[in-house]
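Secondary and tertiary structure notes
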Amino acid sequence: MTLIWDMEIDFLIIGQGLAGTSLAYRLEQEGKRVILFDQPENNKSSRVAAGLYNPVTGRKMVKSWKAELLFPEIEPFYRELEKASGRSFLTGEKIYRPFLSIEEQNEWMGHSSDPAIAMFVDHIHTESQYPEMNDAFGGVLLKMSGWLNINEFLDGMADYFGARIRLEGFEEERLEKTDDGWRYGDILAKNLVYCNGLGAWKSRFFHYLPFAPVKGEILEVEQDFDPGFIANRGVFRVRLDKGIYRVGSTYTWHDLEIGPTEAAKNEILGKLQELVKVPVNSVRSHKTGIRPATKDRKPFLGKHPLEDSVYIFNGFGAKGVSLVPFFSKMMTRFLIKSDPIIAEVDIARYFKYI
């Protein structure tokens with residue numbers, strides 16, 4: 001007779017992208033036993049992402065949702081993971097956003113008196129600072145900003161977890177419910193957490209959630225002019241190496257299965273020219289990924305309405321780098337202490353659709 005020795009764990013985390021990695025780390029710090037299932041090729045949306053964290057976003061240059069709560073968590077969390085993994089993957093860097101009009105400049109002079117916005121403002125310039133840029137009306141220099149090298153982050157944390165990651169596809173049909181949780185091969189897990197991006201949409205547990213996948217395209221270009229900050233208006237421009245910049249990104253809700261497109265490339269280059277006047281010497285790469293965004297642009301956190309031990313931590317879209325540190329702490333407290341999840345992100349907002 002063959003004996004089966006179960007590996008008993010507290011949480012089986014499905015997906016080692018940005019969300020799954022961060023949640024697994026926090027759970028382990030609370031003394032929980034964790035196993036992650038991951039196929040690295042399925043992390044394309046994470047690995048292609050720019051990794052930008054920017055407290056002021058959009059065409060109208062408004063404060064990011066809950067930035068005053070989210071952004072103080074970002075750098076301490078990723079610095080802790082750098083120390084744990086022995087890798088460097090976070091670059092704190094200011095962001096310069098040119099004004100498009102004197103009216104916008106005046107509006108931002110007013111914003112500077114609002115504490116919720118002023119905490120992110122390093123300086124407001126009322127005249128052009130750089131002949132190489134289209135900033136005739138000056139611009140706002142932002143702080144508490146920068147970018148995460150997501151590939152280095154994921155690789156470093158994969159090394160950190162080591163054998164606690166199973167590099168194989170997760171096959172939901174192999175799950176067996178038991179009195180003690182869930183059996184999956186040699187694993188007996190008390191709880192399941194779906195952190196696998198759009199893969200959760202195919203799950204029998206979370207197929208009802210309104211994911212709204214968004215395709216994004218991004219370039220790496222050779223270009224002169226290194227101002228020592230991230231330029232951001234229409235597109236972002238992040239320095240990767242001397243004379244090498246990552247530029248993007250596009251957003252499209254159609255043609256999700258089509259790879260990199262010439263139209264998106266031209267759109268990015270056109271907006272870059274509107275931001276930085278210096279010509280592009282060459283385009284080194286052109287990549288695309290599908291972001292696991294949601295219909296209301298808020299992430300999915302919470303427990304399945306019928307299965308007490310099945311959870312989701314997902315749907316972070318293009319702003320995952322800034323959202324995940326704060327919400328992974330909230331999710332960990334919910335999983336361990338049953339602390340509440342705020343209604344804006346709790347999947348209970350969609351239970352009526354089941």
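So, here's what we can say about the structure.

Definitions and limits used
- Residues numbered from 1 in each chain as written.
- Predicted model: local features only at pLDDT ≥ 70, side-chain atom pairs only at ≥ 80, totals over all residues.
- Heavy atoms only, no water.
- Helix = DSSP H or I, 4+ residues; strand = E, 2+ residues; numbered from the N terminus.
- Rg over C-alpha atoms; globule rule 2.2 N^0.38 Å.
- Buried < 20%, exposed > 50% of the residue type's maximum accessible area, 1.4 Å probe, protein only.
- Contact = heavy atoms within 4.5 Å.
- Salt bridge = Lys/Arg side-chain N within 4 Å of Asp/Glu carboxyl O.
- Core = buried A, V, L, I, M, F, W, Y, C linked by side-chain atoms within 4.5 Å.
- Pairing = 2+ DSSP bridges.
- Axes fitted to C-alpha atoms, helices over the stretch in contact; angles between N-to-C directions.
- Polar contact = N/O pair within 3.5 Å; in protein donor to acceptor, adjacent residues only side chain to side chain.
- Phe/Tyr/Trp six-rings, centres within 6.5 Å; stacked < 30°, edge-to-face > 60°.
- Lys NZ or Arg CZ within 6 Å of the ring centre and 35° of its normal.

1. Here's the deal with the overall build of the protein chain
- Counting its regular elements, the protein chain contains eight helices and 21 strands.
- The C-alpha atoms of the protein chain give a radius of gyration of 21 Å, which matches the 20 Å a tight globule of 354 residues would have.
- Dimensions of the protein chain, computed from C-alpha atoms along their principal axes, come out at roughly 80 × 40 × 40 Å.
- In the protein chain, which comprises 354 residues, the share counted as buried stands at 50%.
- Summarising the internal contacts of the protein chain: among those between residues at least 6 apart in sequence, 71% fall at separations of at least 24.

2. A look at the pattern of salt bridges
- Evaluation of the coordinates by the stated rule reveals 21 salt bridges.
- Here Arg 164 and Glu 28 are joined by a salt bridge, their closest N and O atoms 2.6 Å apart. Taken together, the residues span a long stretch of sequence, with Arg 164 in the loop between helix H6 (150-161) and strand E11 (165-166) and Glu 28 in helix H1 (residues 18-29) at a distance of 136 residues.
- With a relative accessible area of 28%, Arg 164 lands in the partly exposed category.
- The salt bridge involving Glu 152 is made with Arg 87; its shortest N-O contact spans 3.0 Å. With Glu 152 in helix H6 and Arg 87 in the loop between helix H3 (67-85) and strand E6 (90-92), the pair connects residues that are 65 residues apart, well separated along the chain.
- Note on Arg 87: relative accessible area 23%, which makes it partly exposed.
- Through salt bridges with shared partners, a single ionic network connects Asp 10, Arg 33 and Lys 190.

3. A closer look at the nonpolar core
- Counting 45 residues, the largest nonpolar core has Ile 13, Tyr 78, Phe 313 and Phe 327 as the members making the most contacts within it.
- Elements supplying a minimum of two residues to this core: strand E1 (7-14), H1, strand E2 (34-37), H3, H6, strand E21 (310-314) and helix H8 (320-337).
- Of the residues forming this core, the biggest block, nine residues, is contributed by H8.
- Dropping the residues within four chain positions of it, Ile 13 is found in contact with Gly 20, Leu 23, Ala 24, Leu 27, Val 34, Ile 35, Leu 36, Phe 37, Val 193 and Cys 195.
- The next biggest cluster of nonpolar side chains, apart from the first, holds 23 residues, and it includes Ile 35, Phe 37, Phe 206 and Val 310.

4. Notes on the sheet that holds strand E19 (residues 280-291)
- One open sheet holds the eight strands; their spatial order is E8-E9-E7-E16-E17-E18-E15-E19, and the pairing between them is mixed. Two strands close off the open sheet at either side, each with one partner strand: strand E8 (121-125) and E19. On average, each strand axis in the sheet is tilted by 20° relative to the strand beside it, whichever way the strands run.
- Direction of pairing for strand E7 (residues 95-98) relative to strand E16 (residues 230-233): parallel, over a ladder of two bridges. Counted as the bridge partner of Tyr 96 is Ala 231 from E16.
- The sheet strands contacting helix H4 (residues 102-111) are E7, E8, strand E9 (139-142) and E16, and the helix crosses E8 at an angle near 145°.

5. Overview of the pairing of strand E17 (residues 235-241)
- Relative to E17, E16 is paired through three bridges, and the arrangement is antiparallel. Bridge assignment links Asn 232 to a residue of E17, and that residue is Phe 236.
- Between E16 and E17, which pair antiparallel and follow one another directly, the connecting turn spans one residue, one of which, Gly 234, has a positive phi of 85°.
- Taken together, the five bridges between E17 and strand E18 (residues 244-248) define a ladder with antiparallel strand orientation. Residue pairing for E18: Phe 236 is matched across the bridge by Gly 248.

6. Topic: the side chain of His 304
- Along the chain, the position of His 304 falls in the loop between strand E20 (300-303) and E21.
- A polar contact of 3.2 Å, which involves the side chain of His 304, links it to the backbone nitrogen of Glu 307.
- With sequence-adjacent residues up to four places away left out, His 304 is seen in contact with Phe 205, Phe 206, Val 310 and Ile 347.

7. Focus: the packing of aromatic side chains
- All chains considered together, the criterion is met by 27 aromatic pairs.
- On the numbers, 5.2 Å between centres and 90° between planes, the contact of Phe 89 with Phe 153 is edge-to-face. Remark: Phe 153 occurs in helix H6 and Phe 89 occurs in the loop between H3 and E6; sequence separation between them is 64 residues.
- Centre to centre, the rings of Trp 182 and Phe 205 are 5.8 Å apart; their planes meet at 80°, and the pair counts as edge-to-face. Taken together, the positions of Trp 182 in strand E13 (residues 181-184) and Phe 205 in the loop between strand E14 (187-194) and strand E15 (214-223) put the pair 23 residues apart, joining distant regions of the chain. Of the two residues, Trp 182 and Phe 205, both sit in the buried class.
- Taking NZ or CZ as reference, Arg 164 lies 5.6 Å from the ring centre of Tyr 160, over its face.

8. Notes on the sheet that holds strand E10 (residues 146-148)
- Taken in spatial order, the three strands make up an open sheet running E3-E10-E6, and their pairing is antiparallel. The open sheet is flanked by strand E3 (52-53) and E6, the only strands paired with a single partner.
- Bridge count for E3 against E10 is two bridges, and the pairing is antiparallel. What sits directly across from Leu 52, in E10, is Trp 147.

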